[in-house]
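Examining the three-dimensional arrangement
Here's the letter readout for the chains.
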Amino acid sequence: METVGIRGDVMGQALQKVYFDNYSPVGDIIVMAICMVIVVLVATSYVEKTRNFNLFINILVYIVIAAVANVGYHEWSVYITNGNYFWVYVIRIIYHIAIFTILLTYTAYILELMHIELYRKVPIMIVASVFYVIVVLWDILSSISKKGFKINPDGTYNSDIYVFWIGYVGFVTMCIILMIVFRDKLYRQILRGFYGTIIIAFFILYLQGKHDQNSYTLVTFLFPVIGMFYLIHSNPYDMELGAISSRALEDMILYNFDKGIDMFMISLFLPDMDYDSAVLPESVQKGIRSISGNYFNSAVLFQISKGHVVLIAKRSANKDIESRIHKMLEAFNAEYEKLRLDYKIVICESLIDLKIKNDCAALINSVHRHMDINSVHRIIQTDVDGFMRYEYILSELTDIVRGGNLRDPRVLAYCQPVYNISTGKYDTAEALMRLRLSEIGMVFPDQFIPLAEENGYIHSLTKIILQRTCDEIRYLVKENYDVKRISVNVSVLEMRDESFITDIEKIIEESEIPKDKIAIEITESQNDDDFMIMKDMVDRLKDMGIKIYLDDFGTGYSNMERIMELPFDIIKFDRSLVLASSTDNRSEKMVGSLAEMFSDLNYSVLYEGVETEDDEKRCTELSASYLQGYKYSKPVPIMDLKNFFSKLEQEENHA
């Protein structure tokens, strides 16, 4: 009997060996190794800590669990001789549960990646979760009842219903359908990457089945993970500079804030190097590497643009922070003496307030605008408050532009009346913009015009102010007021827009006012390309009957040759020339000679910034045709222009 029992055990082991000849642990061991490599890469680089990243890590964990369980399940089974296969069943169920959990997490990952709306996401996840519970329970109960997977007394295996493949095919089908249905929500190249990994996975499964193998099933689960890591979560270092791309910067700030980790930030901006084709000299790269690597512990360097890098480090790892910053600045100054590259350095010792808007790079750039070149600035609460105001104004501008309402109530039209010396009346004016925003009230042009120009919004604002001006001119003309024209300021930047002329013409024509009631004010451009564009646009505007002003003459660089090439009607002398003419006889003669020359060439001269009786008297003697300034009126709401303009019928009655 003993001999028979021994023979039975030997035969069972032999049968098991034959059964397991189609499995090798190599595949699962490779899977575990690759997962560990990915974990090492994640730990030694910086990856955005998004919800998708957390799902990605969960998938890695469950793949490792499944690999360990699969190896244990197969290896343990071979060496059982007492017929007690209870733990084999348990490990096998753990293996399948891990795989089904991976597939369920894949589904959640796809929904999160594609930013599916909540009302769509919830029912999809409910269906996926119900399917998950069904296949898991089915797998467990079929094993317990021995109607599914079972191990025979002789050690052989069989399965009447292979639940695993039903669950596998069901989840994979669901994921593919989601990627097809919501394909417009994801960049096409990323989708192709995912499709490619799935096709390769299916191909490996096909080859495995053809050769009666089951060693590489988990390998196929790893292919999409590699695709996720490369396409979505990888953020490689710049090999020369040692910096990470800027997209992870804000994520790091928020992540550390949520974890209660205090940080500090140092920004270096090299304006001369901040253009797309710039190549930082090796000496500069070496200096940046040295600063980030030698002066601070646990520091991460981010490259915002070609000439802009930001270093962030934990305060806990840099207790003597002031000493470290001092040493870093000393080293930087030594390098500056050699290289002489202009710079701006910003230091921020607390990033807590930045969580509100989640835009550290924008804060730094806003500080740059008000910094002197070759200076160091430490951010204080006033800077943050100003930045929050800046962000709010920008968000409102964005909403105004996207709304496309040419009579948006947030954009106010103001006008400053212009005194006509020849008639002794106010019959022209300059239109000016204001914003009135619910949270901060009145916003003046110097606070929002640069923002509009930087973000490509300026033409949309010009259209709004032009519409408001045309509306008011239409009213004044209808009421028989003597309105010669109202000028609207235009940026050279918006002249690059191909629709510039047609937009202006359309607004004027639809307002049903004469085109000569509108004037356009332009500031001279120093750029050759912009000058040619400006020349073309000015010619076309003149052909329409619109008057053209040269604004801010006397500020910055003025090229007389270019001025003569453009058919301006009025030259506006800046306030600086009004002030200069009052300093001494020499300056007064120079300003007067310029004004007289323009007058002789049939340009009208308008002095702006006239504030006193002396200013008025002097400018009148210096060939002025028009005067504008606080002596006559501050800018007023456009509907108040009627208080300055006279009615034509009143003149006739007086005559």
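Residues numbered from 1 in each chain as written. Predicted model: local features only at pLDDT ≥ 70, side-chain atom pairs only at ≥ 80, totals over all residues. Heavy atoms only, no water.

Things to note about the environment of Ile 38
Which entries qualify depends on this criterion: Only DSSP runs of H or I with at least four residues qualify as helices, and only runs of E with at least two residues qualify as strands; both kinds are numbered from the N terminus onward. For every residue, the accessible area (1.4 Å probe, protein chains only) is compared with the maximum for its type, and the residue is labelled buried under 20%, exposed over 50%, or partly exposed between those bounds. What makes two residues a contact is simply this: any of their non-hydrogen atoms within 4.5 Å.
As for its position among the elements, Ile 38 is in helix 2 (residues 26–44). Since its relative accessible area comes to 6%, Ile 38 is described here as buried. Not counting the four nearest positions on each side in its chain, Ile 38 is found in contact with Phe 56, Leu 60, Val 225 and Phe 229.

Some remarks on unusual backbone geometry
Across the chain, the bulk of peptide bonds are trans and the bulk of non-glycine residues have phi less than zero. Positive phi, normally seen in glycine, also occurs at Asn 374, with a value near 55°. Positionally, Asn 374 belongs in the loop between helix 12 (360–369) and strand 8 (375–378). At Asn 602, a residue that is not glycine, the phi angle is positive and equals roughly 70°. Residue position: Asn 602 is located in the loop between helix 20 (585–600) and strand 16 (604–608).

Concerning the sheet that holds strand 7 (residues 344–348)
Selection criterion: Note on pairing: DSSP must find at least two bridges between two strands before they are called paired. Convention adopted: a line fitted to C-alpha atoms gives each axis, helices being fitted over their contacting stretch, and angles between N-to-C directions are expressed from 0 to 180 degrees.
The sheet built from six strands is open, its strands ordered 3-5-6-4-7-8 with mixed pairing. At either end of the open sheet lies a strand with only one pairing partner, and these are strand 3 (244–245) and strand 8. Against the sheet, helix 12 engages strand 4 (263–269), strand 5 (299–305), strand 6 (308–314), strand 7 and strand 8, with an angle of about 50° to strand 4.

Here's the deal with empty space enclosed by the protein
A water-sized probe, rolled over the atoms, reveals where empty space remains. The condition that has to hold: Grid points spaced at 1 Å and placed over the protein atoms alone form the basis of the search, with a cavity being a set where a 1.4 Å probe fits but cannot get out and a pocket an open set showing protein on both sides within 12 Å along at least five of seven lines. Lining residues have an atom within 4 Å of a point. Grid points are joined across faces, edges and corners, and a volume is the space filled by probe spheres set on the points. Basically, the charged four are Asp, Glu, Lys and Arg, the nonpolar ten are Ala, Val, Leu, Ile, Met, Phe, Trp, Tyr, Cys and Pro, and anything else, Gly included, counts as polar.
Applying the stated criterion across every chain yields a total of three cavities of 30 Å³ or more. Put simply, the largest cavity is a space of about 260 Å³. Around the largest cavity, the lining comprises 20 residues; the ones closest to its centre are Tyr 106, Val 172, Cys 175, Ile 198 and Pro 224. Counted by class, the lining of the largest cavity contains 19 nonpolar, one polar and no charged residues. Taken as a whole, the second largest cavity spans an internal volume of roughly 150 Å³.

These figures capture arrangement, not role.
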